[in-house]
Amino acid sequence: MQKFLPFLGWLPHYKKGDFTKDLVAGLTVGIVLIPQGMAYAMIAGLPPVYGLYASLVPLLVYALLGTSRQVAMGPVAMDSILVAAGLGALSLVGVEEYIGMALVLAFMVGAIQFILGLFRMGFLVNFLSKPVISGFTSGAAVIIIFSQLKHLFGVDIQGSNQFHQLVLNAIQKLGGTNMYDLGIGLAGIAIIIFFRKIDRRIPAVLLVVLLGILMVYYLDLQAYGVKIVGTVPTGLPPFAVPAINLKNVLDIWPIALTLALVGYLETISIGKALEEKNGTDHIRANQELVALGASNMVGSFFQSFISTASFSRSAINSEGGGRTNLASVISAGLVLLTLLFLTPLFYYLPNAVLASIIMVSVFGLIDIPYPAGLWKHRKDEFMVLLATFLATLFVGIKEGILIGVLFSLLLMVYRTSNPHFAVLGNIRNSEYYKNVNRFGDEVVVREDLLILRFDAQLYFGNSDYFKNQLLRHIKDKGDALKGVVLNAEAINYIDSTGAKTLVRVIAEMHRLGLQFYIAGAIGPARDIIYSSRIIDALKKEHLFVKTKEAVAYFDDPKSPSDLQGKVAHQNRTG
């Protein structure tokens, strides 16, 4: 049962001393979660109370099914901006229809995650490479920050998921800036940053919320045009089945798939980082997909939009000493109390305060050191990051991540179609054969023997490159060349096109009067050499375990040792 209900793994061994730590961590996270949730609901284009709804049921479901014990669930900034971008592109009429589609989207995201988990498809997230995620996250963060200018300036600025349009819209409305809203927002930003530098455990977000409410109430700032949250409904979220139909599914499946993968990537990366820091190992990738999927599906029946793991709140939970998922249950309990009894307190909360919370939280998502490192050492990956960042800024949020994935895949295809091809030589007085360009005078280069290493799988995308590079090196060697050794240690797969190419290459070598040998082929590659009949063109005697054995055979043709023959020729088919 622990496989399906991971909480059974820690609950029977729960210690009294852990409860105090879970209580402190859970209350601390809950204090941050309440205003953050309301703020992130605003990013998603929803009424603030929906941030509280998204901070309730999903936390409880994840506590039962999730394998990470420090992850803090709930609404997050990146997913909220994706929700706004995805639903903003639809022709929705009125707030009610928008809310209904947000709930449908949450259910679809959960269903995708749940199905992927059941079929153990967690590996799909690997297609979201680090450069793509960094570029997308930074671009989305910039857009989120600028999307909050309307609350910071206290004016009605038309929204957009394109950076340049947001800037233009903001410039047009600058003349109507409400200085009270601006002052409250800037003060909120300054206070949060100040206390974070002193001690991140201090609930600066809560302090800003309390100060904002007190200022508006006692100074009657509404009379000066300060925008406030207003009435927040009291009570538990009602149960309702999302209005799912074929049209809705067809309209939002691309953004649902994107959110499902992004949410999973956030959760699994946060969970693994915290476990590495704490020296634990509980997280199971596919079970995390099941837990996330169930959280979002069940949550959608209780008015919850997308929930996933939060970077900032998970860090607070870990630093606060949270030991188990009970901390999340305690956080959800605080949200429950707020919904039942405390929502009237948020009536006077200024929108500018929520904007300041969002801006400071999201600014931390902008990653400068990582792209700077890529620029120095991996310019090709830097270009993928830059393309993703610019596409996210100027084309659109969901388009940005799709373009990033496309560029990342193109880079992968380019690398595998033009892999490293090294000429090897024997290092003096040793058995090692290394790249002649790296070891210079230490390497013995023979005129009568060409030793090459191909550092990739041999498949349809690079078979012509393999053949052309091999023939070029043979031509460069000249008439003194008598034999060619292919070091196949790095070739882990050969497809049918690669096999045919290799057979033709061997035939061409023999036509030129050259001996051809393969050395170092690993088990799966040896199996293919036999099953695709490459061995018929090569001959068994020319298949070796080590390069030195192929060279020795070239110098003095003889039957290989029994052990060498057994290892080199071992395969599943013969």
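Residues numbered from 1 in each chain as written. Predicted model: local features only at pLDDT ≥ 70, side-chain atom pairs only at ≥ 80, totals over all residues. Heavy atoms only, no water.

Q: Mind laying out the packing of helix 10 (residues 179-198) against helix 11 (residues 204-219), listing which residues take part and the relevant values?
A: In the contact formed by helix 10 and helix 11, the axes pass within 9 Å of each other and the chain directions differ by 150 degrees. Here helix 10 is positioned roughly antiparallel relative to helix 11, judged by the angle of their axes. For helix 10 against helix 11, the interelement crossing comes out right-handed. Counted together, I184, G188, I191, I192 and F195 of helix 10 and A204, L207, V208, L211 and M215 of helix 11 form the full contact between these two elements. Classifying every residue of the contact of helix 10 with helix 11 gives 9 nonpolar, 1 polar and no charged. (Axes fitted to C-alpha atoms, helices over the stretch in contact; angles between N-to-C directions. Helix = DSSP H or I, 4+ residues; strand = E, 2+ residues; numbered from the N terminus. Parallel < 35°, antiparallel > 145°, perpendicular 65-115°, else oblique. Left-handed = near helix turned anticlockwise from the far one by under 90°. Contact = heavy atoms within 4.5 Å. Nonpolar A, V, L, I, M, F, W, Y, C, P; charged D, E, K, R; others polar.)

Q: Please set out the pattern of salt bridges residue by residue, giving values where relevant.
A: Considering all chains together, one arrives at 12 salt bridges under this definition. Of the charged contacts in the structure, one is a salt bridge between R415 and D380, with a shortest N-O distance of 2.7 Å. One end of the pair, R415, is in helix 19 (residues 397-417); the other, D380, is in helix 18 (residues 379-394), and 35 residues separate them in sequence. The class for R415 is partly exposed, based on a relative accessible area of 32%. Overall, D380 belongs to the partly exposed group, its relative accessible area being 31%. For R415, the salt bridge identified is with E381, shortest N-O distance 3.4 Å. On the criterion of sequence distance, the pair formed by R415 in helix 19 and E381 in helix 18 is long-range, its members being 34 residues apart. Given a relative accessible area of 15%, E381 falls into the buried group. What emerges from the salt-bridge pattern is a single network uniting R378, D380, E381 and R415. (Salt bridge = Lys/Arg side-chain N within 4 Å of Asp/Glu carboxyl O. Buried < 20%, exposed > 50% of the residue type's maximum accessible area, 1.4 Å probe, protein only.)

Q: Can you tell me about the confidence of the model for the protein chain, naming the residues and giving the values?
A: For the protein chain, the mean per-residue pLDDT works out to 88, and 96% of the residues sit at or above 70. Of all helices and strands in the protein chain, the one with the weakest mean pLDDT is helix 26 (residues 562-569) (57), whereas strand 7 (residues 483-487) scores best (96). (pLDDT = per-residue confidence, 0-100.)

Q: Could you give an account of unusual backbone geometry, with specific residues and numbers?
A: The phi dihedral of D220 falls on the positive side, at around 50 degrees, and the residue is not glycine. Checked against the element boundaries, D220 lands in the loop between helix 11 and helix 12 (246-278). The class of D220 is partly exposed, set by a relative accessible area of 43%. In the Ramachandran plot, R533 falls in the positive-phi region, its phi being about 65 degrees despite a non-glycine side chain. By the secondary structure assignment, R533 is in the loop between helix 23 (523-531) and helix 24 (534-538).

Q: Account for the side chain of T177, with residues named and values stated.
A: Topologically, T177 is positioned in the loop between helix 9 (163-173) and helix 10. Side-chain polar atoms of T177 contact the backbone oxygen of L174, separated by 2.7 Å. The contact partners of T177, leaving out residues within four places of it in the chain, are F153, V155 and L182. (Polar contact = N/O pair within 3.5 Å; in protein donor to acceptor, adjacent residues only side chain to side chain.)

Q: Lay out a nonpolar patch on the surface with the relevant residues and their values.
A: Taken together, the side chains of L236, L336, L337, L340, F341, L342 and L345 present a nonpolar region at the surface, about 630 Å² in accessible area. With respect to the helices and strands, the residue L345 is situated in the loop between helix 15 (326-342) and helix 16 (351-363). Residue class for L345 comes out exposed when judged on its relative accessible area of 54%. (Patch = residues over 30% accessible without salt bridge, like charges linked within 9 Å, V, L, I, M, F, W, Y side chains within 5 Å. Areas by Shrake-Rupley, 256 points an atom, 1.4 Å probe, with all protein chains shown as cover.)

Q: If you had to explain the pairing of strand 3 (residues 421-427) to someone new, which residues and values would you point to?
A: Regular strands place side chains that alternate from one sheet face to the opposite one. By the criterion of burial, strand 3 is predominantly enclosed, with 7 of the 7 residues buried. Where strand 3 meets strand 6 (residues 449-454), 4 bridges bridge the pair, whose relative direction is antiparallel. Residue F421 lies in a different strand from strand 6, and its bridge partner there is F454. Pairing of strand 3 with strand 4 (residues 433-435), which is carried by 3 bridges, proceeds in the antiparallel orientation. When the bridges of strand 4 are listed, G425 appears paired with K434. In textbook terms, the turn of a hairpin is the stretch between consecutive antiparallel strands, and for strand 3 and strand 4 this stretch comprises 5 residues, one of which, N429, has a positive phi near 60 degrees. With 2 bridges connecting them, strand 3 and strand 5 (residues 443-444) associate as antiparallel partners. When the sheet's bridge partners are listed, I427 is paired in strand 5 with V443. (Pairing = 2+ DSSP bridges.)

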